[in-house]
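# Fold and geometry: a report
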Amino acid sequence: MTGNEAQIQSWRSQNIMANKDQSAGQPSGPETALTDAEVKCLTMVAEGKRPLDICNLLLLSEIEVEGLLSSAESKLGARNRLHAVSMAMLMGSIEVEHIQKPE
């Protein structure tokens, strides 16, 4: 297993465990920490990548990426994806280095 595949497997495991915790009555909302995979997906959205681009880069299915983004939105208490990215940036959960400025 390559380093990238190991990281992806770790993210999948974290997401499965986070979903089990939420369904077991654990709190969901702003106090729930984002997983590494959720942070990575939100960072890529902030960089202008579409869910399909994220799928290809992280070797995840579209359903997995959409699930990670939805989970992050829920944990942050965001109204939509843009709101989730904004909240995560303000909280310092994500830092975006490669935003392309419009010309």
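Described below are features of the structure shown in this document.

### Let's talk about the overall build of the protein chain
- If you tally the helices and strands in the protein chain, you get five helices and zero strands.
- Along the protein chain, helices and strands appear, N-terminal first, in the series α-α-α-α-α.
- Long-range pairs, those at least 24 residues apart, make up 60% of the contacts in the protein chain between residues at least 6 apart in sequence.
- Accessible surface, the protein chain as shown: approximately 6,500 Å² in total, 53% of it carbon and sulfur.

### Considering the packing of helix α2 (residues 36-46) against helix α4 (residues 62-76)
- Following both chains from N to C, one finds α2 and α4 inclined at 95°, their axes separated by 9 Å at the closest point. The angle between α2 and α4 places the two elements in the roughly perpendicular class. Residue-level inspection shows A37, E38, C41, L42 and V45 of α2 in contact with α4, the latter providing V65, L68, L69, S71, A72, K75 and L76.
- Of the residues that constitute the contact of α2 with α4, the class distribution is nine nonpolar, one polar and two charged.

### What about the nonpolar core?
- Core analysis: the biggest nonpolar cluster contains 21 residues, and C41, L42, I54, L58, V65, L76 and I94 have the highest contact counts within it.
- For this core, the elements supplying multiple residues, two or more each, are α2, α3 (51-58), α4 and α5 (81-91).
- Not counting the four nearest positions on each side in its chain, C41 is found in contact with I54, L58, V65, L68 and L69.

### Side note on α3
- Those residues of α3 lying buried are P51, I54, C55 and L58. With its buried residues spanning 105° around the axis, α3 presents them on a single face.
- After α3 finishes, the residue L59 shows a positive phi value of roughly 55°.

### With respect to the pattern of salt bridges
- One pass over the structure, following the stated rule, counts five salt bridges.
- The salt bridge partner of D53 is R50, with a shortest N-O separation of 3.1 Å.
- Using a relative accessible area of 24% as the deciding quantity, one classes D53 as partly exposed.
- By sharing partners, the salt bridges in this structure join E66, E73 and R81 into a single network.

Cut-offs and rules
- Residues numbered from 1 in each chain as written.
- Predicted model: local features only at pLDDT ≥ 70, side-chain atom pairs only at ≥ 80, totals over all residues.
- Heavy atoms only, no water.
- Helix = DSSP H or I, 4+ residues; strand = E, 2+ residues; numbered from the N terminus.
- Contact = heavy atoms within 4.5 Å.
- Areas by Shrake-Rupley, 256 points an atom, 1.4 Å probe, with all protein chains shown as cover.
- Axes fitted to C-alpha atoms, helices over the stretch in contact; angles between N-to-C directions.
- Parallel < 35°, antiparallel > 145°, perpendicular 65-115°, else oblique.
- Nonpolar A, V, L, I, M, F, W, Y, C, P; charged D, E, K, R; others polar.
- Core = buried A, V, L, I, M, F, W, Y, C linked by side-chain atoms within 4.5 Å.
- Buried < 20%, exposed > 50% of the residue type's maximum accessible area, 1.4 Å probe, protein only.
- Arc of directions from axis to C-beta.
- Salt bridge = Lys/Arg side-chain N within 4 Å of Asp/Glu carboxyl O.

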